[in-house]
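Survey of secondary and tertiary structure
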Amino acid sequence: MTRAERMSQNLNRALHELFAADERAWLLGEDVVDPYGGAFKVTQGLSTAYPERVLSTPLSENGITGVAGGLALCGDTVIVEIMFGDFVGLAFDQIINFLTKSVAMYGEHTPMRVLIRCPVGGGRGYGPTHSQSVQKHFIGIPHLALFELSPLHDAADVLAAALRRDEPSMLFEDKILYSQRRYVDNRVDDRLAFELVGADRNWARVHDPAAAAAPTLVIAPGGVANRAIAAARRAWEQGRNVEVLVPARLYPFDVDGVLGLLDGADGVIVAEESTAGGTWGSEVATRLYAAAWPLLRRPIELVSSADGIIPSAPHLERPVLLSADTILERIMHPSGGERPATAPAPRTGSPLTRSRQARAAEQGVAVSVPKLNNNDDSYMLLEWLVPAGAPVEIGQVIAEIETSKAIEELTATHTGVLHQDLAAGVDCAPGSTIGHILPAGAHPAAAPPAAEPSGATQPALPGRPLPPSQRRIADVVAASHREIPAAFTAVRVDVTAALAYARRAADETGADVSLTEVVIAAVATLHERFPALYAQLTGDGRVIDAAQPSVGLTVDVGTGLFLPVVRDAAKLDLGDLADAVVELRMKALRNRLREDDMAGMNFLVALNNTPGVSYAQPIIPPGVTCALSVPDVHREVVLGAGGEVRERMVADLGLAYDHRLVNGAQAGAYLAALSVALQL
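Residues numbered from 1 in each chain as written. Predicted model: local features only at pLDDT ≥ 70, side-chain atom pairs only at ≥ 80, totals over all residues. Heavy atoms only, no water.

1. Digging into the overall build of the protein chain
- The secondary structure content of the protein chain amounts to 16 helices and 32 strands.
- Its C-alpha atoms give the protein chain a radius of gyration of 29 Å, near enough to 26 Å, the size a compact globule of 680 residues would have.
- Along the longest, intermediate and shortest principal axes, the C-alpha atoms of the protein chain span 95 × 85 × 50 Å.
- Classification of the 680 residues of the protein chain by burial places 49% in the buried group.
- Accessible area of the protein chain: about 30800 Å², with a carbon and sulfur share of 54%.
- If the 57 positive side-chain charges of the protein chain are averaged to one point and the 79 negative ones to another, these points end up 3 Å apart. (Helix = DSSP H or I, 4+ residues; strand = E, 2+ residues; numbered from the N terminus. Rg over C-alpha atoms; globule rule 2.2 N^0.38 Å. Buried < 20%, exposed > 50% of the residue type's maximum accessible area, 1.4 Å probe, protein only. Areas by Shrake-Rupley, 256 points an atom, 1.4 Å probe, with all protein chains shown as cover. Lys, Arg positive; Asp, Glu negative; His and termini not counted. Charge placed at Lys NZ, Arg CZ, Asp CG, Glu CD.)

2. Re the packing of aromatic side chains
- Under the defined criterion, the tally for this structure stands at 15 aromatic pairs.
- Judged by centre distance (5.5 Å) and plane angle (90 degrees), the ring pair of Phe-488 and Tyr-615 falls under edge-to-face. Placement of Phe-488 in strand S22 (residues 486–494) and of Tyr-615 in the loop between strand S29 (603–608) and strand S30 (626–631) is noted, with a sequence separation of 127 residues between them.
- Ring centres of Phe-530 and Tyr-670 lie 5.2 Å apart, and the angle between their planes is 85 degrees; this geometry places the pair in the edge-to-face category. Note that Phe-530 is positioned in the loop between helix H14 (515–525) and strand S23 (536–537) and Tyr-670 in helix H16 (residues 664–677), a separation of 140 residues in sequence.
- Tyr-670 gets classed as buried once you look at its relative accessible area, which sits at 0%.
- The structure contains a cluster of three or more aromatic residues connected by ring pairs, namely Phe-40, Phe-84, Phe-87, Tyr-126 and Tyr-178. (Phe/Tyr/Trp six-rings, centres within 6.5 Å; stacked < 30°, edge-to-face > 60°.)

3. Observations regarding the nonpolar core
- By size, the foremost hydrophobic cluster in this structure holds 57 residues, and its most contacted members are Val-523, Phe-603, Leu-628, Leu-655, Tyr-670 and Leu-678.
- Core analysis: the second largest hydrophobic core is formed by 48 residues, Leu-28, Leu-71, Val-103 and Val-114 among them. (Core = buried A, V, L, I, M, F, W, Y, C linked by side-chain atoms within 4.5 Å.)

4. Remarks on the side chain of His-527
- By secondary structure assignment, the location of His-527 is in the loop between H14 and S23.
- Only 2.8 Å separates the side chain of His-527 from the backbone oxygen of Ala-546, close enough to count as a polar contact.
- Ignoring anything within four residues of it in the chain, the contact list for His-527 reads Tyr-534, Ala-546, Ala-547, Gln-548 and Pro-549. (Polar contact = N/O pair within 3.5 Å; in protein donor to acceptor, adjacent residues only side chain to side chain. Contact = heavy atoms within 4.5 Å.)

5. Observations regarding the sheet that holds strand S15 (residues 379–384)
- On the basis of which strands lie adjacent, the open sheet formed by four strands has the order S18-S17-S15-S20 and antiparallel pairing. Every interior strand has two partners, whereas the edge strands, strand S18 (407–411) and strand S20 (427–428), have only one.
- Examined bridge by bridge, strand S17 (residues 397–402) and S18 share five bridges and lie antiparallel to one another. The residue bridging Glu-400 from the neighbouring strand is Glu-409, located in S18. (Pairing = 2+ DSSP bridges.)

6. Digging into helix H3 (residues 61–73)
- An ideal rise of 1.5 Å per residue puts 18 Å on 13 residues; H3 measures up with 18 Å between its terminal C-alpha atoms.
- Taken residue by residue, H3 has Glu-61, Ile-64, Thr-65, Gly-66, Ala-68, Gly-69, Leu-71 and Ala-72 as its buried positions.
- Buried positions along H3 lie against strand S1 (25–29), strand S3 (77–81), helix H4 (92–99) and strand S4 (114–120).
- Immediately downstream of H3, the backbone of Gly-75 shows phi near 100 degrees, a positive value. (Expected span 1.5 Å × (residues − 1).)

7. Quick look at helix H5 (residues 155–163)
- Among the nine residues that make up H5, seven are buried, leaving the element largely enclosed by the rest of the structure.
- Every buried residue of H5 is accounted for by Ala-155, Ala-156, Val-158, Leu-159, Ala-161, Ala-162 and Leu-163.
- Taken together, the buried residues of H5 touch helix H1 (7–21), S3, S4, strand S5 (145–148) and strand S6 (169–174).
- Between a side-chain oxygen at the N-terminus of H5 and the backbone nitrogen of Ala-156 the separation is 2.9 Å; the capping residue is Asp-154.

8. Points about the pattern of salt bridges
- For the coordinates displayed, the defined rule picks out 30 salt bridges.
- In this structure, Arg-492 engages Asp-652 in a salt bridge whose closest nitrogen and oxygen atoms are separated by 2.7 Å. Taken as a pair, Arg-492 in strand S22 and Asp-652 in strand S32 (residues 645–658) lie far apart in primary sequence, 160 residues in all.
- Classification of Asp-652 by relative accessible area gives buried; the value is 12%.
- Because the salt bridges share partners, they merge into one network encompassing Glu-5, Arg-13, Glu-17 and Asp-154. (Salt bridge = Lys/Arg side-chain N within 4 Å of Asp/Glu carboxyl O.)

9. Describing the packing of helix H6 (residues 224–237) against helix H10 (residues 324–332)
- Relative to each other, H6 and H10 sit at 50 degrees, their axes nearing to 8 Å. As the angle between them shows, H6 and H10 are arranged oblique. Note on packing geometry: the crossing formed by H6 with H10 is right-handed. Contacts between H6 and H10 involve Val-224, Arg-227, Ala-228, Ala-230, Ala-231, Arg-234 and Ala-235 from the first element and Ala-324, Asp-325, Ile-327, Leu-328, Ile-331 and Met-332 from the second.
- Partitioned by chemical class, the residues of the contact of H6 with H10 number 10 nonpolar, no polar and three charged. (Axes fitted to C-alpha atoms, helices over the stretch in contact; angles between N-to-C directions. Parallel < 35°, antiparallel > 145°, perpendicular 65-115°, else oblique. Left-handed = near helix turned anticlockwise from the far one by under 90°. Nonpolar A, V, L, I, M, F, W, Y, C, P; charged D, E, K, R; others polar.)

10. Examining the sheet that holds strand S14 (residues 365–368)
- Overall, antiparallel pairing links the four strands, which are arranged S14-S21-S19-S16 in an open sheet. The open sheet has two free edges, formed respectively by S14 and strand S16 (391–392), since each of these has just one partner strand.
- Here S14 pairs with strand S21 (residues 433–438) via four bridges, running antiparallel. When the sheet's bridge partners are listed, Ala-366 is paired in S21 with His-436.

11. Comments concerning the environment of Ala-673
- Topologically, Ala-673 is positioned in helix H16.
- Separated by 475 residues in sequence, Ala-673 and Gly-198 have C-alpha atoms that sit 56 Å apart.
- The contacts of Ala-673, once residues within four sequence positions are left out, are Leu-526, Arg-529 and Phe-530.

12. Side note on unusual backbone geometry
- A cis geometry characterises the amide bond from Asp-34 onward to Pro-35, with omega recorded as 10 degrees.
- Across the junction of Tyr-251 and Pro-252, the peptide omega takes the value -5 degrees, indicating a cis bond.
- Tracing the backbone shows Pro-252 in the loop between strand S11 (249–251) and helix H7 (256–262).
- One non-glycine residue, His-143, lies in positive phi territory at about 70 degrees.
- Position of His-143 among the secondary structure elements: in the loop between S4 and S5.
- A positive phi angle is found at Arg-201, which is not glycine, with a value near 55 degrees.
- Here Arg-201 lies in the loop between strand S7 (193–197) and strand S8 (203–207).

All quantities given are derived from atomic positions and should not be read as evidence of function.
Here it is in structure tokens:
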């Protein structure tokens, strides 16, 4: 399979190709000049290659767009980068009263080759003014076309389609896509294929070639496409056939490109990240109703983000933004299904039946604790994330459960009003009920009070209880000291070359590569030479060798320490490894790590890189043989072989090891090999 580019690389390459082919192409934007290369590094290298045509501008979106219009009137091609799409509203006057009108208000058609690039969307914790999806505000403006970057279209083709119109265009780029890789070779995964359809290959159709049942069509642009694909996978597991249709051009909407797919479809859902009301989805529905009414089996469904501002805090941001869960719920339970002309009267049944129905309505749907792992007989109800009596939606995170390893989220399975049966801070067994979701409009009782020890039987104890996350850490540390005869060896390693390699890899791959990823990669490569350091000692004294290195790393989120695992680390290139680390860190920061994310570790890289920390001895978690400490990097002045003075960057890497499996000579040899591996 072809090695896929990251989306930021793909767009960067497309811009380089455009500038190489068009000597009258300009790039205007804030901080687009090297070495910064734009807030999301999409314009890197352009100012170096074309210094006279790539200009960093003052912070004035209105001014930037006005200058672009003047250049376009003179026959030039102009790419405008708006640092965050939220700020394109500041250029609204230039767009609707100058750029678009200039095409037709001078008595003849005037080419206006201007493309305004707008990073949009949430999911990165940027908050209310840097996370919006503003596409809907630009629909219906004469001579203005709207495009959106997607993982299924080549950015070069999208740029070409936008510019050959000779009219102003806007390109919306979901920020979560920049670090993700494109889909190539007409495959999404082993099951799903995709093809580009329509006269100008505007539509990407993601489908299961082996499926025979009538599909539900989900129309989803840009960054929503991956959420729609995730929802489609889960729907297939439940017996539903789903096809995802992803347009490159949002407006004018390409009806002809999808008409052939509507015949026989079970239903149509349009998913977008904007808030409801005056949306692109409503434009799509209007056009499809007009052109394909006889082909539609039921009303077109629209799903979007919640009607509110976008918070910065991850646990508050998630319920606001459109999710794969929301799309899946609409696939499985459409709100506008076929109904008979006359609905039968509901059956009332016997008095006993009516009593049971009333009692079930009062009790609502149980919120139960799932079985999360095989090690725990009970968990802790850590926190209710929704107040008692508040409305909840399907898929909304309502509570957090703490296991011995992780914090798991519980989501609402129905829409209604939350009733809390248990207070936060109490233990709950797998399968137990901690609350109910009552019908909308119900008035549940207040939240139960937190359990307090009886003053009559137990006197109040001094101090405060240890937080649950710290108790978990304390349990691991106590078990480690109790069970593992640990030894420790440290060496000073020159990491100058490793740091330079990380910088080069970050530039080449577009991934967030640092010394941490380089160390993890080096640890993975040493697995075959030093299998004992990756082995596991069982309770009966048997040694289990690891088939592949699965490297854990420490992630301190301020409220607790987590040990997520990069599985099969030796099989990942440095860019993919960096992506895996970033994903695990983001999950930890958002309290979304699952038991599966922390299973299978056979080596730990403990990050003790707080500035100023030069030496640290890590704890070996039970079940692991070795833990490597990576402290802060510091400068050191040394004498070279010829007596010259030079400066280098060093780190004192320390290896804690289980002395039952590894001796001091092995530990020293391992650290020496690691030092060599870091001299890249």
